[in-house]
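Working through the structure, step by step
One letter stands for each residue in the lines below.
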Number of protein chains: 2
Amino acid sequence: MSKKSIIYVGSKPTMNYILAVVTQINHGASSIILKARGRAINHAVDVAEIVRNSFIPDMDIINIEIATEEVTERNGFSTNVSLIEIELKKDDSIADIRKS
Amino acid sequence: MSKKSIIYVGSKPTMNYILAVVTQINHGASSIILKARGRAINHAVDVAEIVRNSFIPDMDIINIEIATEEVTERNGFSTNVSLIEIELKKDDSIADIRKS
């Protein structure tokens, strides 16, 4: 019942990731984790906000974490990159109250 | 004692905002709120991570919030923009343990 889905947000159009979230929810996932690195971080925040405001209103952001990851590039040098994890949960209890 | 400082993160070099955080802490602020909108969001995450990992190790991220704001542009059209608020707190108790 508490199926978790992870969606990696990258540089594709925002709507692709929104569709991925909506599809996962419709397939029974109750919790979505959006993960993004570097410049895709603002993309992930956009996805979370648009899903919550326009597509699935009874979805809550229950946790946001940020961290740093070391990435080794092709030339052998390693750089640090920031990452974000946004956990969204469909609040079924809120939906039930609204329906009644 | 619990002075809060707000730093708005924009498109200037990351190091400018890191310096602003360090300066505020050295001037007695115990809590820093980093605010950023749109494409500056990943910048704010970078600032928080670099401060925590390299400059002030006894600083903790105590809260992260994301939201949407309506912005009216010069041409009269309004668009939605995502924003992030990252609250950093200097954990003096941890610092005291390390010193002893």
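That block above? That's the structure.
Residues numbered from 1 in each chain as written. Chains lettered and ligands numbered in written order. Predicted model: local features only at pLDDT ≥ 70, side-chain atom pairs only at ≥ 80, totals over all residues. Heavy atoms only, no water.

This brings us to the packing of helix α1 (residues 14-26) of chain A against helix α2 (residues 41-55) of chain A. All names here are of chain A. Between α1 and α2, the least distance of the axes is 9 Å, while the angle of their chain directions is 55 degrees. Classed by the angle they form, the pair α1 and α2 counts as oblique. The chirality of how α1 crosses α2 is right-handed. Of α2, the residues touching α1 (which contributes Thr 14, Met 15, Tyr 17, Ile 18, Val 21 and Val 22) are His 43, Asp 46, Val 47, Ile 50, Val 51 and Phe 55. Of the residues that constitute the contact of α1 with α2, the class distribution is 9 nonpolar, 2 polar and 1 charged. (Axes fitted to C-alpha atoms, helices over the stretch in contact; angles between N-to-C directions. Helix = DSSP H or I, 4+ residues; strand = E, 2+ residues; numbered from the N terminus. Parallel < 35°, antiparallel > 145°, perpendicular 65-115°, else oblique. Left-handed = near helix turned anticlockwise from the far one by under 90°. Contact = heavy atoms within 4.5 Å. Nonpolar A, V, L, I, M, F, W, Y, C, P; charged D, E, K, R; others polar.)

This brings us to the sheet that holds strand β4 (residues 78-90) of chain B. Read from one edge of the open sheet, 4 strands run β1-β2-β4-β3 (chain B), paired in mixed fashion. The sheet is open, and its two edges are formed by β1 (4-9) and β3 (59-72) of chain B, each paired on a single side. Each strand axis lies, on average, 20 degrees off the axis of its neighbour in the sheet, ignoring direction. The pairing of β3(B) with β4(B) spans 13 bridges and is classified as antiparallel. Opposite B:Ala67, over in β4(B), you have B:Leu83 as the bridge partner. Each of β3 and β4 of chain B touches α2(A); the most contacted strand, β3(B), lies at about 60 degrees to it. Lying over the sheet, helix α2 (residues 41-55) of chain B contacts β1, β2 (31-37), β3 and β4 of chain B, oriented at roughly 5 degrees with respect to β4(B). (Pairing = 2+ DSSP bridges.)

Residue and element names in this part refer to chain A. Residue position: Ser 31 is located in strand β2 (residues 31-37). Judged by relative accessible area, Ser 31 falls into the buried class, the value being 3%. A polar side-chain atom of Ser 31 sits 3.1 Å from a polar atom in the side chain of Glu 87. Each residue touching Ser 31, except ones within four places of it in the same chain, is listed here: Lys 3, Lys 4, Ser 5, Glu 87, Leu 88 and Lys 89. (Buried < 20%, exposed > 50% of the residue type's maximum accessible area, 1.4 Å probe, protein only. Polar contact = N/O pair within 3.5 Å; in protein donor to acceptor, adjacent residues only side chain to side chain.)

We now examine the interface of chain A and chain B. On the chain B side, the residues contacting the 20 residues of chain A number 20 residues. In total, about 1400 Å² of surface goes out of reach between chain A and chain B, with carbon and sulfur atoms giving 62% of it. Three residues, A:Asn42, A:Ile64 and A:Ile66, lead the burial of chain A against chain B; their summed loss comes to 42% of the area buried on that side. In this assembly, chain A and chain B are joined by 0 salt bridges. Here chain A is connected to chain B by 6 residue pairs in polar contact (both at pLDDT 80 or more). Those elements that place two or more of their residues in the side of chain A that touches chain B are α2, β3 (59-72) and β4 (78-90) of chain A. Here the side of chain A that touches chain B gets 8 residues from one element, more than from any other, and that element is α2(A). When grouped by side-chain class, the residues that make up the side of chain A that touches chain B number 10 nonpolar, 5 polar and 5 charged. (Buried area = accessible area lost by both parts, 1.4 Å probe. Salt bridge = Lys/Arg side-chain N within 4 Å of Asp/Glu carboxyl O.)

This part covers the pattern of salt bridges. All names here are of chain B. Overall, the coordinates contain 10 salt bridges over all chains when judged by the stated rule. Residue Lys 35 is joined to Glu 85 by a salt bridge in which the shortest nitrogen-to-oxygen separation is 3.6 Å. Within this pair, whereas Lys 35 is found in strand β2, its partner Glu 85 is found in strand β4, the two being separated by 50 residues in sequence. For the salt bridge of Asp 58 with Lys 90, the shortest nitrogen-to-oxygen distance reads 3.8 Å. In this pair, Asp 58 sits in the loop between α2 and β3 while Lys 90 sits in strand β4, placing the two residues 32 residues apart along the sequence. Taking relative accessible area as the criterion, Asp 58 reaches 9% and is therefore assigned buried.

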